[in-house]
Amino acid sequence: MGKLILVRHGKSLWNVKNVFTGWTDIDLAAEGIEEAKNAGELIKSNLINIDICFSSYLKRAIRTAWILLDTAEMMHVDCRYSWKLNERHYGDWQGKNKDEVLKAVGEEYFLSIRRGYDTAPPSLSTNDERNPKFDPNYKALDVSDLPLGESLKDTSKRVVNYFFEAIAPELAKDRTVLISAHGNSLRALIEYLEHISSEEIAKVEVATGVPHMYEFDGKLNVTSHYQLK
Ligand SMILES: O=C(O)[C@H](O)COP(=O)(O)O
């Protein structure tokens, strides 16, 4: 079985401003570019050879993958992109400052959405300009597949589904796979891979730009996981 490397994109311009981002296509901040370079240096210094790369459709994850591969001198590596690795859709909270939302809705409700498992944020209305159906990047998709606001459970369904559809077959070919994605889409995958309960996943935070390595047995059970530092 191959190895899996998960990396959350480097800090974006909205991470720096503490704004809910979700599916909003915000680029890396200068600090995020440095984090992606650092992740690439770690891959190189640990003599890891990446065979294939997967990223979400969002430029902060795509650029992180490109910078990482460039720094690791592996720009030839094939990259595949899927909306199913996108960040959790943050519904009507997208574009809003996190501290202001917290103040407006109270801590309990805020945390039930931000770190709870099955509570979704307030949905976008179908005619909201932030609805992904208005974004040409998603024009090939069925509108009924496009979220207007997701819980972690909703996010987990599409991410884990994609893992089995596209990524597990590469691991089965003994390939070393890089996934560049997002705080919550990676929490959803980590919850699945490490058998973390839906209560315990609330405490799991994924730092930006830190490569997480996973090794497996022949049945795709995780045998070890560690962070490159
Ligand atoms: O979409 C976002 O705002 C971030 O990528 C993740 O946000 P969170 O840590 O507030 O869930």
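Predicted, not measured: the structure shown is a model, and the values here were computed from it.

Cut-offs applied
Residues numbered from 1 in each chain as written. Predicted model: local features only at pLDDT ≥ 70, side-chain atom pairs only at ≥ 80, totals over all residues. Heavy atoms only, no water. Axes fitted to C-alpha atoms, helices over the stretch in contact; angles between N-to-C directions. Helix = DSSP H or I, 4+ residues; strand = E, 2+ residues; numbered from the N terminus. Parallel < 35°, antiparallel > 145°, perpendicular 65-115°, else oblique. Left-handed = near helix turned anticlockwise from the far one by under 90°. Contact = heavy atoms within 4.5 Å. Nonpolar A, V, L, I, M, F, W, Y, C, P; charged D, E, K, R; others polar. UniProt positions renumbered as here; feature names shortened; annotations may be inferred. 1 Å grid on protein atoms, 1.4 Å probe; cavity = no way out; pocket = protein on both sides within 12 Å on 5 of 7 lines; lining within 4 Å. Buried < 20%, exposed > 50% of the residue type's maximum accessible area, 1.4 Å probe, protein only. Polar contact = N/O pair within 3.5 Å; in protein donor to acceptor, adjacent residues only side chain to side chain. Near = heavy atom within 4 Å. Sits in = over half its atoms within 2 Å of the grid points. Salt bridge = Lys/Arg side-chain N within 4 Å of Asp/Glu carboxyl O.

Caption draft 1: The arrangement of the packing of helix α6 (residues 152-172) against helix α7 (residues 183-193) in detail. Across the interface, α6 lies against α7 with an axial gap of 8 Å and an inter-helix angle of 70°. The orientation of α6 relative to α7 falls into the category roughly perpendicular. As α6 packs across α7, the resulting crossing turns out to be right-handed. On α7, the residues that touch Leu 152, Thr 155, Ser 156, Val 159, Val 160, Phe 163 and Phe 164 of α6 are Asn 184, Ser 185, Arg 187, Ala 188, Leu 189, Glu 191, Tyr 192 and Leu 193. Grouping the amino acids of the contact of α6 with α7 by side-chain chemistry returns nine nonpolar, four polar and two charged.

Caption draft 2: Region of interest: the UniProt feature "active site" (unreviewed entry) in the protein chain. UniProt tags His 9 and Glu 87 as "active site" (unreviewed entry). In sequence the annotated residues extend across 79 residues, while in space they remain close, none of their C-alpha pairs exceeding 10.5 Å. Considered against the largest pocket, the annotated residues that line it turn out to be His 9 and Glu 87. Of note, His 9 is situated in the loop between β1 (4-8) and α1 (13-16). Under the relative-accessibility criterion, His 9 is labelled buried at 2%. For His 9, the residues in contact, after removing those within four places along its chain, are Asn 15, Leu 28, Arg 60, Ala 61, Thr 64, Ala 181, His 182, Thr 208 and Gly 209. Within the local environment of His 9, its side chain forms a polar contact with the side chain of Arg 60, the two groups lying 3.3 Å apart. Counting through the fold element by element, Glu 87 comes out in the loop between β3 (78-81) and α4 (98-105). Leaving out residues up to four positions away in the same chain, Glu 87 has contacts with Gly 22, Trp 23, Leu 58, Arg 60, Glu 150, Arg 158, His 182, Gly 183, Asn 184 and Ser 185.

Caption draft 3: Just the site of the ligand, in detail. Near the ligand, the surroundings consist of Arg 8, Val 19, Phe 20, Thr 21, Gly 22, Glu 87, Tyr 90, Lys 98, Arg 114, Arg 115 and Asn 184. Residue Thr 21 places a main-chain N or O atom 2.9 Å away from an oxygen atom belonging to the ligand. One of the side-chain nitrogen or oxygen atoms of Asn 184 is found 2.9 Å away from an oxygen atom of the ligand. In this structure, the ligand is accommodated by the largest pocket.

Caption draft 4: Here's a closer look at the pattern of salt bridges. Scanning the model with the defined rule gives 16 salt bridges in all. The closest approach of N and O atoms between Glu 205 and Arg 115, which form a salt bridge, is 2.8 Å. Here Arg 115 lies in the loop between α5 (107-114) and α6 and Glu 205 lies in the loop between α7 and β5 (212-216), a separation of 90 residues in the sequence. Given the relative accessible area of 13%, Arg 115 is considered buried. Through salt bridges with shared partners, a single ionic network connects Asp 78, Arg 80, Glu 170, Lys 173 and Arg 175.

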